[in-house]
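Below, each chain spelled out in residue letters.
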Amino acid sequence: MTQDQPDGPALLRHARTTLRNEIRDALPVALHHQIDLIVRVMEIAARESEAGEHVCHAELRKLGEIYDDKTEASEQTAETLEEALLRLNWWLAAELRGGKRDGDEDIYDLLCKTVIARLRIANPDILPKESSS
Amino acid sequence: MILTPSEQRLADAKAELERVLAQRSGARLARITQAVPLTGDATQETWQLKTEFEGGDFAGVEALVLHSDGAAKGTKHHGPSQEFAVLTTVWRAGVRVPEPLWFCDDSTILGKPFYMTRWVDGVASGQQLVANSRIGGGRELLAESLGEELAKIHGITPPQAELAFLEPPPPSPALHMIRTCRVQLDMLGRPQPGLEWGLRWCELHAPAAREIVLVHQDFRSGHYLVDEHGLAGVIGWGTSEWGDPMTDLGWFCAKCWRYGRPQLDAGGIAPRTPFYRGYERASGRKIDAAAVAFWEVMAHLRRAVTALSASSASTDSDQHSLEPVLSSRLCPPEMELEILHCTVPRNWTAP
């Protein structure tokens, strides 16, 4: 995190606006699709940067409610946030595949909340209005 | 003028191509007067070739399409000879497709084998078709026609000598698809709990196939041509295999293929009723609604897994492409949202 302004998300927004409003139409039409993809990528990066680690911490908390013993281990082994999430999600994925969580309401709730959080960053327009905020 | 590598390859091959076209058509001479690259996915390279024939089967000017493999590798894709064999089989069965003409396995011409079909006028873009209902006349009639053509495809049953390269039909196409998705997920090296939830639901609800037929495997808006009269031809034959006919119905009606028109179940162009009507009338089959619902869930899983696999392949290869990378960020969570919507806990049954 920086105290300098504009910060990362703002820089991305400025660059994105420049690309879309000033550069795109000056390029051959054959390149417009690529520019649109780049703008989209920058939008996702800006949202992800703004969200910070909040989304990951929220997911870890929810997983912790289900695998309380696993998160205790992570506090002791000084895992990074990403490592802890990977470990717990591997465990969850294995349980789901093995049929240990069939129709589990708590897991369903976790999966729904997680995917909505991911879509708020990747493509908030697809979410119902009350979910996208 | 700077040519792309594929444009240069075609320019270098022009004389040889003209020789082959003349030979195959029985013409004295063939002259390619215009070559237009056709957009599509990166696994295919296609060109429209406007060609003047002196004598032979196509005396006059004819628009042809040259089909060959593209630079990218899809998760599953028939080579040109196999795709030509599928196209020839469905053409002979009366399915409305661009007429397959010749397959050429001489790699000295283009650097790779290719096949030729007759050009069919029409709009293929799923987005354009869904956005502009004026294209192709009545949409219910179009949906009915699509159902009829799909029925004809499903009239082709194993064994077929010219399709001997297809994998033998699996005892359970549903379980086979689930296994294939799991293998692909395992190769990615990252856990996907949302997709595992969906695959487990599918495992518990896998329908038994009442019969095994030729399935298109990618029958959707974007894979058929529409002209001012309606359906002009079905395209996109790179992934056909033996399977459950309900697979294609589920893929066509899956929400992920409605191009932003979720209320129009049949490919974003019409309600599913006329599509089903055309299919049932032409096939004599009664559509199994529960099986179609299963295959719609499976469609979303397939799309998510394909997007993740394509991004992984793009990252690993020397050919950088932004589109699959972006798709792997957008597609899987969008598919998971729909999968979760269709697999709420109260819809699970004990095994």
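Residues numbered from 1 in each chain as written. Chains lettered and ligands numbered in written order. Predicted model: local features only at pLDDT ≥ 70, side-chain atom pairs only at ≥ 80, totals over all residues. Heavy atoms only, no water.

A.B. asks: Give me the lowdown on helix 8 (residues 245–253) of chain B, citing residues and values where you can.
C.D. replies: Residue and element names in this part refer to chain B. Burial within helix 8 is extensive, with nine of its nine residues counted as buried. Those residues of helix 8 that fall on the buried side of the exposure criterion are Pro-245, Met-246, Thr-247, Asp-248, Leu-249, Gly-250, Trp-251, Phe-252 and Cys-253. A side-chain oxygen of the first residue of helix 8 lies 2.9 Å from the backbone nitrogen of Met-246; this N-cap is Asp-244. (Buried < 20%, exposed > 50% of the residue type's maximum accessible area, 1.4 Å probe, protein only. Helix = DSSP H or I, 4+ residues; strand = E, 2+ residues; numbered from the N terminus. Polar contact = N/O pair within 3.5 Å; in protein donor to acceptor, adjacent residues only side chain to side chain.)

A.B. asks: Which residues make up helix 7 (residues 193–205) of chain B, and what values do they have?
C.D. replies: Residues and elements named next belong to chain B. Between the first and last C-alpha of helix 7 there are 18 Å, a value that for 13 residues agrees with the 18 Å anticipated at 1.5 Å per step. Most of helix 7 sits inside the fold, with ten of its 13 residues counted as buried. Residues of helix 7 that are buried: Pro-193, Gly-194, Leu-195, Glu-196, Trp-197, Gly-198, Leu-199, Arg-200, Trp-201 and Cys-202. (Expected span 1.5 Å × (residues − 1).)

A.B. asks: Got a sec to walk through the environment of Asp-121 of chain B? Specific residues and values, please.
C.D. replies: All names here are of chain B. Structurally, the position occupied by Asp-121 is in the loop between strand 5 (114–118) and helix 4 (126–131). Counting along the chain gives 112 residues from Asp-121 to Gly-233, while the straight-line C-alpha distance between them is 9.1 Å. Engagement of the side chain of Asp-121 in a polar contact is seen with the side chain of Trp-119, the distance being 2.7 Å.

A.B. asks: Describe the nonpolar core, with residues and values.
C.D. replies: Generally speaking, nonpolar side chains in soluble globular proteins are found buried as a group. Residue and element names in this part refer to chain B. Core analysis: the biggest nonpolar cluster contains 88 residues, and Leu-146, Tyr-224, Trp-237, Leu-249, Phe-275 and Met-298 have the highest contact counts within it. At twelve residues, helix 10 (residues 289–316) tops the list of elements feeding residues into this core. Discounting chain neighbours no more than four positions away, the residues touching Met-298 are Met-177, Ile-178, Cys-181, Leu-199 and Cys-202. Listed in part, the 22 residues of the second largest apolar core include Ala-13, Ala-27, Trp-102 and Leu-110. (Core = buried A, V, L, I, M, F, W, Y, C linked by side-chain atoms within 4.5 Å. Contact = heavy atoms within 4.5 Å.)

A.B. asks: How would you sum up the pattern of salt bridges? Please name residues and give values.
C.D. replies: Applying the stated criterion across every chain yields a total of 38 salt bridges over all chains. Across the pair Arg-97 of chain A and Glu-196 of chain B runs a salt bridge, and its minimum N-O distance is 2.8 Å. With one member in each of two chains, Arg-97 of chain A in helix 5 (residues 81–97) and Glu-196 of chain B in helix 7 form a pair that bridges those chains. Given the relative accessible area of 24%, Arg-97 of chain A is considered partly exposed. When its relative accessible area of 5% is taken as the criterion, Glu-196 of chain B is described as buried. Note that Glu-203 of chain B and Arg-200 of chain B form a salt bridge whose closest N and O atoms lie 2.8 Å from each other. Placement of both Glu-203 of chain B and Arg-200 of chain B in helix 7 is noted, with a separation of three residues, approximately one turn of the helix. Residue classification places Arg-200 of chain B among the buried residues on the basis of a relative accessible area of 12%. The structure contains a network of salt bridges with shared partners spanning Asp-102 of chain A together with Arg-182, Arg-200 and Glu-203 of chain B. (Salt bridge = Lys/Arg side-chain N within 4 Å of Asp/Glu carboxyl O.)

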